[in-house]
Amino acid sequence: MSSLLAFLVAIIILTLTPGFDTALVLRTSAAHGGRRAFASALGVASGCFVWGVAVGFGLGALLLASEVAYNLLKWVGAAYLLWLGVGLLLRPRTALPAGQEPETPPGWVALFVKGLFGNLLNPKVGIFYVSFLPQFIPADASVALWSSAMAFTHASIGLLWSVMLIAGTRYFADKLRRPSVMKAMDRLTGCVFIGFAAKLALSRR
């Protein structure tokens, strides 16, 4: 029980630490509303769960052991974040002429996939899980089952935190959707994504 409580405390602190997922959810909520932001958050949470299952079945150990596998996934993830960030910097949303129909927002599936791949293409999540989760798995227990269960717990807590972030963003929805604010947020988020890309590319295990 003490180990499980320690796991919950550690995972809550990790969830509250701002990162790519926080920036993505906040930006999507401000730009396209809470429902679509929830799709992005669900994608991020699904990525965590997939990583947990993969670690339970040995992929995390492969990333920990193989420099080539780790670097390959790291560079793909960094390139993906860089692509997202540059896109926001070069094509921030601007005000539409009066009377023009608003732009069609991205679909739920597209936003879900963006959150999912933003998480899956970060090998540090896998390395974190493979080094963090085993200390909380009881002796003689199923590693795959416990790893999946703890990843599901992490994903659920992260999803709950995202809902709270979305609710807070919606409170300021009118101000956040002003054209000048939206444009500034897109560029700021783009810089944040590029920063995460550089941090990931330069990181070492």
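About the cut-offs
Residues numbered from 1 in each chain as written. Predicted model: local features only at pLDDT ≥ 70, side-chain atom pairs only at ≥ 80, totals over all residues. Heavy atoms only, no water. UniProt positions renumbered as here; feature names shortened; annotations may be inferred. Helix = DSSP H or I, 4+ residues; strand = E, 2+ residues; numbered from the N terminus. Buried < 20%, exposed > 50% of the residue type's maximum accessible area, 1.4 Å probe, protein only. Contact = heavy atoms within 4.5 Å. Areas by Shrake-Rupley, 256 points an atom, 1.4 Å probe, with all protein chains shown as cover. Core = buried A, V, L, I, M, F, W, Y, C linked by side-chain atoms within 4.5 Å. Expected span 1.5 Å × (residues − 1). Arc of directions from axis to C-beta. Phe/Tyr/Trp six-rings, centres within 6.5 Å; stacked < 30°, edge-to-face > 60°. pLDDT = per-residue confidence, 0-100. Axes fitted to C-alpha atoms, helices over the stretch in contact; angles between N-to-C directions. Parallel < 35°, antiparallel > 145°, perpendicular 65-115°, else oblique. Left-handed = near helix turned anticlockwise from the far one by under 90°. Nonpolar A, V, L, I, M, F, W, Y, C, P; charged D, E, K, R; others polar.

- As annotated in an unreviewed UniProt entry, the chain carries the name Threonine transporter RhtB and comes from Mixta gaviniae.
- Looking at the chain in UniProt, the text filed under Subcellular location (unreviewed entry) is "Cell membrane".

1. Details of the overall build of the chain
Item 1. Along the chain, the regular secondary structure elements total ten helices and zero strands.
Item 2. Along the chain, helices (α) and strands (β) appear in the sequence α-α-α-α-α-α-α-α-α-α when read from the amino end.
Item 3. Counting over 205 residues, the chain shows a buried share of 43%.
Item 4. In the chain, 86% of the contacts between residues at least 6 apart in sequence involve partners at least 24 apart.
Item 5. By element, 70% of the accessible surface of the chain is carried by carbon and sulfur atoms, the whole surface being about 11300 Å².

2. Some words on the nonpolar core
Item 1. By size, the foremost hydrophobic cluster in this structure holds 33 residues, and its most contacted members are Phe 7, Phe 20, Tyr 129, Phe 132, Leu 133, Met 150 and Phe 193.
Item 2. A total of seven residues in this core trace back to one element, the largest contributor, which is helix α3 (residues 34-56).

3. Quick word on helix α6 (residues 108-120)
The α-helix advances 3.6 residues per turn, and as a result positions three or four apart in sequence lie on the same side.
Item 1. Along its 13 residues, α6 runs 18 Å from first to last C-alpha, staying within 8% of the 18 Å computed at 1.5 Å per residue.
Item 2. Among all positions in α6, only Leu 111, Gly 115, Leu 116, Gly 118 and Asn 119 are buried. Buried residues along α6 cover an arc of 165° about the axis, so they all sit on one side.

4. A closer look at the packing of aromatic side chains
Item 1. Inspection of the entire model under this criterion finds one aromatic pair.
Item 2. Pairing Phe 49 with Phe 152 gives two aromatic rings, centres 6.1 Å apart and planes at 80°, and the pair type is edge-to-face. Here Phe 49 is found in helix α3, whereas its partner Phe 152 is found in helix α8 (residues 143-171), with 103 residues between them in sequence.
Item 3. On the basis of relative accessibility, which here comes to 52%, the residue Phe 152 falls in the exposed class.

5. A word on the confidence of the model for the chain
Item 1. Across the chain, the average pLDDT comes to 78, with 80% of residues at 70 or higher.
Item 2. The model gives residues 95-102 a pLDDT under 50, and that stretch makes four contacts with residues more than four places away or in other chains.

6. Some remarks on the environment of Lys 199
Item 1. Of note, Lys 199 is situated in helix α10 (residues 179-202).
Item 2. Overall, the relative accessible area of 62% leaves Lys 199 in the exposed class.

7. Observations regarding the packing of α3 against α8
Item 1. Where α3 contacts α8, the axes come no closer than 8 Å and their chain directions differ by 165°. As judged from the angle between their axes, α3 and α8 are roughly antiparallel. In this structure, the crossing between α3 and α8 has a hand that is right-handed.
Item 2. Across the contact of α3 with α8, the residue classes tally to 17 nonpolar, seven polar and one charged.

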